[in-house]
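Take a look at the letters that make up each chain.
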Amino acid sequence: MRNHSGFTLIEMLAVVLIIGMLVSVALPQYKRSVVRAEAMEALSNVKTLQDSALRAKAASPNRTAPTTLNQLDIDFFDASSKDSSTFSFGRYNYSMGTDAITVQKTAGSNTYSFKAYYPNLNGIGGQITCSADAKTTWLCESMCLETASGGCTMKNGEYVIN
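As the structure is a prediction and not an experimental result, all values here were calculated from the model.

S.K.: Give a detailed account of helix α1 (residues 9–59), specifying residues and quantitative values.
M.R.: If you check α1, its first and last C-alpha atoms are 74 Å apart, about what 51 residues at 1.5 Å a residue would give, namely 75 Å. Roughly 25° is the biggest bend found in α1, and it falls at A26, with proline P28 one to four residues downstream.

The following block contains the structure:
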């Protein structure tokens with residue numbers, strides 16, 4: 001009788017089963033981390049747009065909010081349109097209005113948006129809110145909890161995250 005060295009089929013199946021269980025636990029967390037990283041990108045972009053729009057609004061003679069990207073002192077070099085109030089940049093659609101800037105996720109199965117309001121002449125307002133579909137509500141809740149010192153607040157059914 002020969003002495004065989006190596007793994008048996010049962011041992012190989014056990015290893016594959018253990019790896020499968022580890023992947024099934026890690027994959028959902030990985031997907032949430034990717035969604036969160038993408039949302040942080042959108043939030044950073046909308047804050048940058050809001051800051052630039054506030055500078056442009058303060059510099060304009062009649063204190064009107066800018067409504068196109070080319071009225072700002074920043075440049076999103078890959079933006080789809082700089083002369084329109086709506087444009088795409090990366091995975092998101094942006095809309096510049098007279099009272100706020102909105103960014104909405106356009107690709108994938110998770111839908112969420114951020115809205116950066118302009119403060120009024122007294123400096124009141126300027127909140128950034130988050131809204132999401134039922135599947136992605138956890139994203140707005142977690143971002144709100146991280147930034148709000150007194151707990152999460154809601155404005156028009158959206159989470160206030162700053």
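Read on for the rest.
S.K.: How would you sum up the nonpolar core? Please name residues and give values.
M.R.: Within the largest apolar cluster, 32 residues are counted, with the highest numbers of intra-cluster contacts made by V46, L49, F76, F87, Y94, F114 and I161. Going through the elements one at a time, α1, β1 (86–89), β2 (92–96), β3 (100–105), β4 (112–117), β5 (128–132) and α2 (137–147) are the ones with two or more residues in this core. When sequence neighbours within four positions are dropped, the list of residues in contact with Y94 reads N45, L49, F76, S85, T86, F87, F89, T102 and V103.

S.K.: Which residues make up the pairing of β3, and what values do they have?
M.R.: Residues in a regular strand point their side chains to alternate faces of the sheet. Across 5 bridges, β2 lies against β3 in antiparallel orientation. Within β3, the position partnered with Y94 by the bridge is V103. Remark: 3 residues form the turn of the hairpin made by β2 and β3, two consecutive strands paired antiparallel. Where β3 and β4 come together, 5 bridges link them in antiparallel fashion. By the bridge assignment for β4, I101 is matched with A116.

S.K.: Could you give me a rundown of the environment of C130, with the residues and numbers involved?
M.R.: Take C130: it is sitting in strand β5. Separated by 43 residues in sequence, C130 and F87 have C-alpha atoms that sit 19 Å apart. Apart from the residues lying within four places of it in its own chain, the contact partners of C130 are S113, F114, C140, E158, Y159 and I161.

S.K.: Help me get a handle on the environment of S113, residues and values and all.
M.R.: If you trace the backbone, S113 turns up in strand β4. In this structure S113 comes out as buried when scored by relative accessible area, which is 13%. Separated by 17 residues in sequence, S113 and C130 place their C-alpha atoms 5.7 Å apart.

S.K.: Describe in detail the packing of aromatic side chains, supporting the description with residues and values.
M.R.: This model, assessed by the stated rule, comprises 4 aromatic pairs. Taking 4.6 Å as the distance between ring centres and 35° as the angle between the ring planes, the aromatic pair formed by F76 and F89 counts as tilted. Here F89 lies in strand β1 and F76 lies in the loop between α1 and β1, a separation of 13 residues in the sequence. Just as F76 is buried, F89 falls in that class too.

The rules we used
- Residues numbered from 1 in each chain as written.
- Predicted model: local features only at pLDDT ≥ 70, side-chain atom pairs only at ≥ 80, totals over all residues.
- Heavy atoms only, no water.
- Helix = DSSP H or I, 4+ residues; strand = E, 2+ residues; numbered from the N terminus.
- Expected span 1.5 Å × (residues − 1).
- Bend = angle between axes of the 7 residues up to and from the residue.
- Core = buried A, V, L, I, M, F, W, Y, C linked by side-chain atoms within 4.5 Å.
- Buried < 20%, exposed > 50% of the residue type's maximum accessible area, 1.4 Å probe, protein only.
- Contact = heavy atoms within 4.5 Å.
- Pairing = 2+ DSSP bridges.
- Phe/Tyr/Trp six-rings, centres within 6.5 Å; stacked < 30°, edge-to-face > 60°.

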